[in-house]
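Structural overview
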Amino acid sequence: MRLVLASTNQGKLREVRRLLGSLGFTVVSLAEAGLDPRLELPETGDSFEHNALEKTRALQEMLGGWVLGDDSGLEVDALGGAPGVRSARYAGVELPGRERDLANVRLLLRELEGVEPERRTARFVCVVALVRPDGQSLLARGTCEGRIIEVPRGESGFGYDPVFLPRGRRRTMAELSMDEKNAISHRGRALRKLARRLRERGWVVGDGARPD
Ligand code: ITT
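Residue indices begin from 1 for each chain and proceed along its sequence in written order. pLDDT decides what is reported in this predicted model: residues at 70 or higher carry local features, side-chain atom pairs at 80 or more are listed and counted, and totals for whole chains, interfaces and linings draw on all residues regardless. The side-chain figures draw on all heavy atoms in the structure; neither hydrogens nor water molecules are used.

Topic: the overall build of the protein
Counted only if it meets this: Helix and strand labels come from DSSP, where a helix needs a run of H or I of at least four residues and a strand needs a run of E of at least two; each type is numbered from the N terminus. It is over C-alpha atoms that the radius of gyration is taken, and the globule rule equals 2.2 Å times the number of residues to the power 0.38. Under the scheme applied here, a residue whose accessible area is under 20% of the maximum for its type counts as buried, over 50% as exposed, and between as partly exposed, the area being computed with a 1.4 Å probe on protein chains only. Whether two residues are in contact is decided by their heavy atoms: any pair within 4.5 Å suffices. Accessible surface area values rest on a Shrake-Rupley calculation with a 1.4 Å probe, where residue burial reflects the displayed protein chains alone. In this tally, Asp and Glu contribute negative charge and Lys and Arg positive charge; neither His nor the terminal groups of the chain are included. Charge placement uses NZ in Lys and CZ in Arg. For Asp and Glu, CG and CD serve respectively.
When its secondary structure is counted, the protein shows five helices and eight strands. Tracing the protein from N to C terminus, the helices and strands come up as β-α-β-α-β-α-β-β-β-α-α-β-β. For 212 residues, the compact-globule formula gives about 17 Å, and the C-alpha radius of gyration of the protein, at 17 Å, lands near that figure. Once the C-alpha set of the protein is aligned to its principal axes, its extents read approximately 55 × 30 × 25 Å. Across the 212 residues of the protein, 48% fall into the buried class. A separation of at least 24 residues holds for 59% of the contacts in the protein among residues at least 6 apart in sequence. For the protein, the computed accessible surface area is about 10,300 Å², with 48% contributed by carbon and sulfur atoms. Both charge centroids of the protein, one from 35 positive and one from 31 negative side chains, sit 4 Å from each other.

Pasting the structure below:
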């Protein structure tokens, strides 16, 4: 089944491709679908569910077919759940990419200065939305618990991965391989849940799909 991914984030694209590739889906980027890879999709809500569905539906209405989107972020307990749905634009840098990620991590570490290790608990949250050709949709949420360390470590992944230590692990999310990250991450969990729901509802038969 061919799915267009409603995302401008190359890190997400790589992970979703690997995760869904092994489940029999072909994931197509915005550029491969003939669109500007920096296309601004609407995200106006204050919940991951609202935003995931909003951006995915907006693209599906433009393109038709099957579209998948992901709204995700980091909730830090000592900051009352911030940056939350504002994780991408936390430091105010507009364009996606490494510069934005570095600015966000810098601001997060500044906000947590002086907060002792046991109070630096946090979780990644991911809500994936799937909209099919007739407009029906499915959502699934995944989370990954951990804490924020003081000095970034690791080069893989994206976003806040270098400062996120998953619970019970010694390596940060950015020190894990993509497969190791996908096995425990919020995005991996959400996508595996979505795939289960798809099969339960009979939206996917074998490696193909039927619309009802
Ligand atoms: P799209 O909306 O185009 O998909 P985006 O990066 O703006 O791209 P979001 O609005 O969902 O996506 O914001 C997610 C942000 O949360 C992302 O930019 C990271 O800062 C952070 N984040 C989400 N998942 C993450 C992960 O697996 N590792 C590290 N940081 C993550």
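Digging into the pattern of salt bridges
Our working definition: By convention in these notes, a salt bridge is any Lys or Arg side-chain nitrogen within 4 Å of a carboxyl oxygen on Asp or Glu.
Overall, the coordinates contain 20 salt bridges when judged by the stated rule. Residues Arg141 and Glu49 are paired through a salt bridge, measuring 2.9 Å at the closest nitrogen-oxygen approach. Of this pair, Arg141 sits in strand S5 (residues 137–148) while Glu49 sits in helix H2 (residues 48–63), and the two are 92 residues apart along the sequence. The exposure class of Arg141 is partly exposed, given its relative accessible area of 33%. Across the pair Arg132 and Asp134 runs a salt bridge whose closest N-O atoms are separated by 3.0 Å. Residue class for Asp134 comes out partly exposed when judged on its relative accessible area of 45%. Beyond isolated ion pairs, a larger network of salt bridges with shared partners links Lys12, Glu15, Asp70, Asp161, Lys181 and Arg187.

What about the confidence of the model for the protein?
Rules: Scored between 0 and 100, pLDDT is the confidence that the predictor attaches to each residue.
When pLDDT is averaged across the protein, the result is 93; 96% of the residues are at 70 or more. The low-confidence segment residues 207–212 (pLDDT under 50) makes 15 contacts with residues lying over four places distant or belonging to another chain.

Here's the deal with the nonpolar core
What counts is decided by this rule: Think of a nonpolar core as a cluster: buried Ala, Val, Leu, Ile, Met, Phe, Trp, Tyr and Cys residues, connected wherever their side-chain atoms sit within 4.5 Å.
Of all hydrophobic cores here, the largest spans 22 residues; its most connected members are Leu3, Leu20, Leu68, Leu130, Leu191 and Leu194. Elements represented by at least two residues in this core include exactly strand S1 (2–5), helix H1 (10–21), strand S4 (121–131), S5 and helix H5 (186–200). Apart from the residues within four sequence positions on either side, Leu194 is in contact with Leu68, Val128, Leu130, Leu138, Leu139 and Ala140. Judged by nonpolar contacts, the second largest core, of 21 residues, contains Val76, Leu107, Phe164 and Leu165.

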